Amino acid sequence: MSSSAPSDVALIRAEIRRRKRRDLWFGALGVLALALALLTVVTLFINMLIDGWARLTPEFFTSFPSRRAGQAGILSAWVGSLLVMLVTASVAVPLGVAAGIWLEEYAPKHWLTDIIEININNLAGVPSIIYGLLALGLFVYTFGLGQSIRTAGLTLALLILPMIIVATREAIRGIPQSIREGAYALGATRWQMVRHHILPYSMPGIFTGVIIGMARAIGETAPIITIGALTFIAFLPPAPLVGTPPFVNFEWLSAPFTVMPIQIFNWTSRPEAAFQQNAAAASVILVAMTLMMNGLAIWLRYRLRKNLKW
Amino acid sequence: MKQVRKTTMAALLALSAVGSAQAQIVKLDGSSTVYPISEAVAEEFQKARKNVVKVTVGISGTGGGFKKFCRGEIDLANASRPILKKEMEACAQGGIRFFELPIAYDALTVVVNPKNPLKQVTVADLKTMWEAAAQNRITNWKQVNPAFPDAALKLFGPGADSGTFDYFTEAINGKAKASRGDFTASEDDNVLVQGVQRDPGALAYFGFAYYSENRDKLKALAIVDPKTGRAVEPSLKTVLEGLYQPLSRPIFIYLSELSFKKPEVREFVEFYLKNAAKLAQEVKYVPLPARAYELNAEHLKQGKLGSMFGGEAEVGVRIEDLLAREARL
């Protein structure tokens, strides 16, 4: 026995070394995969930046589309995108968060809620064009909302609703059960417990879900084309804020519109090469908008988490 | 659940109730081929009218445009082919009577890679390449015509939803939408341009504007007119003189009679007819002779409704034939 002990140790050491080597290999593979993904995105972005750099002037943001590439701009497109996002957020966030809270905190656990759960998860995977077709039938024709900013906002709200519900539920599940029990022990009702504990603690996760959903919605083209967004539109919707009482104006909701992805799509299919530069410049801006939204999500999550003291 | 539904409906109704006071908007939609001309006219019109009257132009294809048009959702439909019988019926059902206004000509251009020695092609050759029977069978230029080079034949064309596809198949294969299916199809003509540019054995067809912008990368083939036996290259001149046959095609706007009663639409259409020649040429289409636009204006004044084509898919209509025709609903 005593003679074999040193070789046992050597064997074990060799085994450990081999396992550590494998560990290293896997780590390297992971870094490679990440680098490949990042490199693709960065290459594409730099490529667009080089193509579109000359067009990234202040006039590009303040000009309407035009048949002359040099004078064309994205004013109606970015305003349209922004207003559609506004409608989307104000519809999808309250509905999604409320649905998530109900499913996690209120809903009884039985087969009906199971079916609802499965359906929500399935909805998150439905192709976006299906939402466009649904919206065309429901919002445009049945409700008669027209091919307006309101219709587009509601359509995209439907699209990202499942994402927000899922994110809300995930965030709520991360909250320890002891917090709920503590609140109940002090005599809180269920609503008080949700209002003072569940909502604030799950906020970072909810925000992340909302903004990732919005970042997806802003790049959507198919459902917006389906409901009939326009390609050439050289005027802006009526301003939401006006100088006379009641100071707010909701006419913009029913205004015709276009959005960034449609403008880009139109420019890439033009015969003149100069329009390709416009498309590249507009794509850079769209990517920048998405990155900014994602950055905002990270910052908000960081800020809100810092205030959490369990 | 009921409560929720009620609240949602109420919210939607509230949303739809606001902002019913619409500004004056002239709405166009339809073909992507006609889009550049309508866009140019809309841009100039709004400039001239200081944005008092607003114009929107959408792209949903000739067929999609007619659907909206016959439901009365838009004032004018952009169309790269004449209205079909079933579309006329849909319009009649929707109570939409219309004016048909030809506004320009386009030359469907057949292009090959500049390395290809070929200069001209007959309609029969094109049919051999594109007919449905050629599927998986005709894969080499030599099979089309023994005089052609020995090279793999790669075909590119627009997708089946486009008016260009309808017109080309009608003109070459004798029946709209009859085509082999094993070609690279794209709704984006730039994809077709790139395909031909990269492959010495490639052949594609699309509107003249895309060839015109890519003359350095592509070679347009002269088409032999089956009636005269003459090989004719696509150009402004040959289309105007009616020589480039059968791939010259008129393009149209269709105007709803109801919309025409609105002063802003009337003003826009008058502006369109006055400026179409200049703007069509600017975006690489072939303008009609001045007489044609005058005739359009006369038809509007006299209230001549309907189509000159009787719902038939027709190819090879020369400009002077077009002017001599009578419109019917």
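Because the structure is a prediction, the values reported are computed rather than measured.

### Brief notes about the interface of chain B and chain A
As a measure of interface size, the accessible area lost when the parts come together is often cited. Taken residue by residue, the interface counts 36 residues in chain B and 28 residues in chain A. For the interface between chain B and chain A, the tally reads five salt bridges. Among the salt bridges present, the one from B:E39 reaches A:R270, with a minimum N-O distance of 2.7 Å. In this structure, the connection of chain B to chain A is made through 12 residue pairs in polar contact (both at pLDDT 80 or more).

### Points about the environment of A:F250
Residue and element names in this part refer to chain A. Inspection of the secondary structure puts F250 in the loop between β1 (232-233) and α10 (260-268). With relative accessibility at 41%, the residue F250 sits in the partly exposed group. With 12 residues separating them along the chain, F250 and P238 place their C-alpha atoms 8.2 Å apart.

### What about the nonpolar core?
Judged by nonpolar contacts, the single largest core of 104 residues is most densely connected at B:I37, B:F69, B:M129 and B:Y272. In terms of residues, this core owes the most to one element, helix α12 (residues 263-282) of chain B, which gives nine residues. Residue contacts for B:I37: discarding those within four places in its chain leaves B:I103, B:A104, B:I251, B:Y272, B:A280, B:V283 and B:Y285. Residues A:I160, A:W252, A:M260 and A:L300 belong to the second largest nonpolar core, which totals 69 residues.

### Looking at the domain arrangement of chain A
Residues and elements named next belong to chain A. The domain boundaries assigned to chain A delineate domain 1 (2-53) and domain 2 (57-307). Computed over C-alpha atoms, the centres of domain 1 and domain 2 are 38 Å apart. Both faces combined, the contact of domain 1 with domain 2 buries some 490 Å², and carbon together with sulfur accounts for 84% of it. At the junction of domain 1 with domain 2, the criterion picks out zero salt bridges. Here domain 1 is connected to domain 2 by zero residue pairs in polar contact (both at pLDDT 80 or more). Across the side of domain 1 that touches domain 2, the residue classes break down as three nonpolar, one polar and one charged.

### Focus: the sheet that holds strand β8 (residues 184-185) of chain B
Residue and element names in this part refer to chain B. Ordered in space as β8-β7-β9-β5-β10, the five strands form an open sheet in which the pairing is mixed. Of all the strands in the sheet, the pair left with one neighbour each is β8 and β10 (219-220). The pairing of strand β5 (residues 109-112) with strand β9 (residues 202-206) spans four bridges and is antiparallel. If you follow V111 over to β9, its bridge partner there is A204.

### With respect to the packing of aromatic side chains
In this description, an aromatic ring pair is defined by two values, namely the gap between the centres and the angle between the planes. This structure, assessed with the given rule, holds 19 aromatic pairs over all chains. Centroid distance B:F45 to B:F268: 5.1 Å. Interplanar angle 80 degrees. Geometry classified as edge-to-face. Separated by 223 residues along the polypeptide, B:F45 in helix α2 (residues 35-48) and B:F268 in helix α12 bring together distant segments of the chain. Residue classification places B:F45 among the buried residues on the basis of a relative accessible area of 1%. Given the relative accessible area of 0%, B:F268 is considered buried. Here B:F66 and B:Y254 contribute two aromatic rings whose centre-to-centre distance is 4.9 Å and whose plane-to-plane angle is 75 degrees, an arrangement assigned as edge-to-face. Placement of the pair is B:F66 in helix α3 (residues 61-70) and B:Y254 in strand β13 (residues 248-256), with a sequence separation of 188 residues. Among the aromatic side chains, those forming a connected cluster through ring pairs are B:F66, B:F69, B:F98, B:F252, B:Y254 and B:F309. Geometry around A:F275 places A:R270 over its ring, the cationic atom sitting 4.5 Å from the centre.

Criteria and cut-off values
Residues numbered from 1 in each chain as written. Chains lettered and ligands numbered in written order. Predicted model: local features only at pLDDT ≥ 70, side-chain atom pairs only at ≥ 80, totals over all residues. Heavy atoms only, no water. Contact = heavy atoms within 4.5 Å. Salt bridge = Lys/Arg side-chain N within 4 Å of Asp/Glu carboxyl O. Polar contact = N/O pair within 3.5 Å; in protein donor to acceptor, adjacent residues only side chain to side chain. Helix = DSSP H or I, 4+ residues; strand = E, 2+ residues; numbered from the N terminus. Buried < 20%, exposed > 50% of the residue type's maximum accessible area, 1.4 Å probe, protein only. Core = buried A, V, L, I, M, F, W, Y, C linked by side-chain atoms within 4.5 Å. Domains from an automatic or database assignment. Buried area = accessible area lost by both parts, 1.4 Å probe. Nonpolar A, V, L, I, M, F, W, Y, C, P; charged D, E, K, R; others polar. Pairing = 2+ DSSP bridges. Phe/Tyr/Trp six-rings, centres within 6.5 Å; stacked < 30°, edge-to-face > 60°. Lys NZ or Arg CZ within 6 Å of the ring centre and 35° of its normal.

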